[in-house]
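# Tertiary structure, described
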Amino acid sequence: MSPSVIFDAVMLGFEYSLLAVGIYISFRILDMADLTVDGSFCLGMAVSATCAVAGHPVLGLVLGCVAGAAAGCVTGLLITRAKINPLLAGIISMTGLYSVNIYVLGGPNVSLLDAPKAYDTFVTLAKGVLKVSQVKMVFIVVLVAAIVAVLAAFLHTESGLAMRATGDNEDMCRASSINTNLMKVVGLAVANCLVGLTGALLAQYQGYADMGSGTGMVMVGLASVIIGELFGGRRGVTAGLVCSVVGSVVYRLIIQSALMVNFIDSNALKLISACIVAVFMGAPAVRDAIRSSKQKKVAREKAEAYELALASAATAGSTTAAGSPAGAAPSDDATTEGGR
Amino acid sequence: MTSQTSPTTSTDTMPTLQVLGLTKTFNPGTPVEHHALNGIDVTLMPGEFACVVGSNGAGKSTMFNAIAGSIIPDGGLVRIAGENVTFKPDFKRARTLSRVFQDPLKGTAPNLTVAENVALAYGRSTKSSLAFAMRRERREMIHDRLASLGFGLEERMDTKVGTLSGGQRQAVTLLMATIGNPSLLLLDEHTAALDPEATRRILDLTDKIVSAGRITTMMITHNLGDALSMGDRTLVMDDGRIVADVSADERRGMGVDDLLALFRANAGHDLDDDKVLLEK
Ligand SMILES: Nc1ncnc2c1ncn2[C@@H]1O[C@H](COP(=O)(O)OP(=O)(O)OP(=O)(O)O)[C@@H](O)[C@H]1O
Ligand SMILES: [Mg+2]
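Residues numbered from 1 in each chain as written. Chains lettered and ligands numbered in written order. Predicted model: local features only at pLDDT ≥ 70, side-chain atom pairs only at ≥ 80, totals over all residues. Heavy atoms only, no water.

This next bit is on the overall build of chain A. On a plain count of helices and strands, chain A comes out with 14 helices and two strands. Relative to the 2.2 N^0.38 estimate, which gives 20 Å for 340 residues, the radius of gyration of chain A is 28 Å and therefore markedly larger than a compact globule would have. The 340 residues of chain A split such that 46% are buried. Across chain A, every contact between residues at least 6 apart in sequence was considered, and the portion connecting residues at least 24 apart equals 78%. Only carbon and sulfur atoms are counted for the fraction: they give 67% of the accessible area of chain A, which is about 16,200 Å². A gap of 5 Å separates the mean positions of the 22 positive and 21 negative side-chain charges of chain A. (Helix = DSSP H or I, 4+ residues; strand = E, 2+ residues; numbered from the N terminus. Rg over C-alpha atoms; globule rule 2.2 N^0.38 Å. Buried < 20%, exposed > 50% of the residue type's maximum accessible area, 1.4 Å probe, protein only. Contact = heavy atoms within 4.5 Å. Areas by Shrake-Rupley, 256 points an atom, 1.4 Å probe, with all protein chains shown as cover. Lys, Arg positive; Asp, Glu negative; His and termini not counted. Charge placed at Lys NZ, Arg CZ, Asp CG, Glu CD.)

Okay, here's the thing in structure tokens:
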């Protein structure tokens, strides 16, 4: 891979990293599979694009966050107030958002090529020093770092601790006078706020908003979180947040390499993320199954050996007594069968 | 330290817990209708420690659930420190009321560290929700409190609670339940899942913590010996009623057989309990 290709992949990884952090919050901290994400991603994208076209790109990012958070609140209220199953609640929000997003954007896609972008000020400031792509990189890295730092600090406050405990042991939280319903709503709002911001950033970074681009975002985020966990994301919350960002970058590098060697075409991307999630989530169960089948095999061999020993002891006894080889015959069969 | 465990200085004439005419029927109007509580009256004065015994399904846990707010009773009142809390949601009552359950997995968050669990419990009595949970003086305080349990947990402050044994987890849970000076502590067979050795240690710890803090406490147990020796009152339940309320004076010199006889006389049948332990 050429340096510029790596640069682009890394930048894409950072652009999508807040999506991964959002999924980390809903999936790992709240212990919920939140499907709102596909909808709130597009919502952030649509809001950001509409604002940028109207000449307010920074406002677009802010409102992208707010809109995402609102979507998360709706899902949270469906779960906690209406007592709807979390998976279904996410699907309800996602489905409703599909229409909302088209209304907000005014069509299935919009180009932002001529619209102002949130990082424009910095491009002007760094003129002659940094290339546009470098400014974009610095902008996104600083933004992601700042948000991760704030989140890590929050998760170590008393409220943050309460939120983490809500996903860990809800009964105990209620017994500790923690309003778990509030924690879930706030947690989902924060998660989808980050997802909305991801969509908002992406619209401006890529120069277009497309209402099809939200599909499969849950899988992309999950894949990043899971890859991040290979880099130590299970050690604690701060590690979890940072590793989700790392996971997002690594995920893009993997995809880019696969595209480069023509191993896959871009149509296969969704399949790849689905496979990554399925393989890694299924791995522990498969590993246990393999381990227990190995144990079973060893146990069976031992049992067979034991049976053989018993049989030969019996034939040894019976040959001296009656001279009949009948007892040895079945065990001979067993050994030849095993040898085949 | 002493300020943490000092008794509440509220007027000693007002009962900490008042339960009046509590009734609860599960599945009313259906073939499985069950009258779990049939008019319960209990009063606990500040600092009192009462043990509760009774047959299986006598309604002991249901009474605790009504006091804690996990279920809303059909009739009757629950007052804690003079306030009528009958319809207050459980998590709001939990600010002044702590519970420990039988299952050691229930009282702690497994993926949080020992220190974080305790900090979380301590935090409910404070109001600074955006302050860091693990400030230095807080950490030192938690360290000291863990050390006072005598389970060596102060050395394992940063291990996840999920890796501790049942007895260790129950010790952490007990500390969490009492660290905020609750007005009322409810223990529902909190040693039933432990081995005899751990049971002894947790009961000793319970005694120590409750008497040090003069915490008003109710403890459900299946060990009649413990029910007579621990605390200063024994309540006997059957069929959703309190059939005997044995005061400290009456308890003195009373044996397990006397308690069984009392039960038979008041309830009209033998104490039928498959878990009951008759050891002295
Ligand atoms: N949520 C519920 N729905 C229906 N019936 C219930 C419910 N909770 C308790 N019961 C019934 O109420 C009765 C009293 O139950 P409870 O748990 O209070 O008994 P207990 O005295 O704690 O018994 P044990 O010693 O076995 O713990 C039992 O017959 C139980 O089946
Ligand atoms: Mg019970």
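So much for the structure itself; the text now carries on.
Glancing now at helix α7 (residues 196-213) of chain B. All names here are of chain B. End to end, α7 covers 26 Å across 18 residues, agreeing with the expected 26 Å (1.5 Å per residue, within 8%). Buried within α7 are the following residues: A198, T199, I202, L203, L205, T206, I209, V210 and G213. Each buried residue of α7 lies within a common arc of 165° when the element is viewed along its axis, so the set occupies one face. Exposed side chains of α7 directed beyond 90 degrees from the buried face belong to P196, E197 and S211. Capping of α7 at its N-terminal end is provided by D195; its side-chain oxygen lies 3.1 Å from the backbone amide nitrogen of E197. (Expected span 1.5 Å × (residues − 1). Arc of directions from axis to C-beta. Polar contact = N/O pair within 3.5 Å; in protein donor to acceptor, adjacent residues only side chain to side chain.)

With that settled, the discussion passes to the site of ligand 1. All names here are of chain B. Lining the immediate environment of ligand 1, one finds 15 residues, of which G57, G59, K60, S61 and T62 sit closest. The side chain of N56 places a nitrogen or oxygen atom 3.3 Å from an oxygen atom of ligand 1. Here an oxygen atom of ligand 1 sits 2.9 Å away from a polar atom, N or O, in the main chain of G59. In the complex, 62% of the free accessible area of ligand 1, which totals 640 Å², lies under the protein chains. Of all the secondary-structure elements, those providing two or more residues to the shell around ligand 1 are β2 (34-44) and α2 (60-68). For the shell around ligand 1, the element with the most residues is α2, which contributes three residues. For the shell around ligand 1, the per-class residue count stands at three nonpolar, nine polar and three charged. (Near = heavy atom within 4 Å. Nonpolar A, V, L, I, M, F, W, Y, C, P; charged D, E, K, R; others polar.)

Listed by partner, the interface residues are 31 residues for chain B and 21 residues for chain A. The contact between chain B and chain A buries some 2,100 Å² in all, and 57% of this surface belongs to carbon and sulfur atoms. Of all residues in chain B, the largest losses of buried area upon contact with chain A belong to B:F91, B:L120 and B:F132, amounting jointly to 28% of the total for that side. Inspection of the chain B/chain A interface yields three salt bridges. Where B:D90 meets A:R174, a salt bridge forms, and the shortest distance between an N and an O atom there is 2.9 Å. For the interface between chain B and chain A, the tally reads 10 residue pairs in polar contact (both at pLDDT 80 or more). (Buried area = accessible area lost by both parts, 1.4 Å probe. Salt bridge = Lys/Arg side-chain N within 4 Å of Asp/Glu carboxyl O.)

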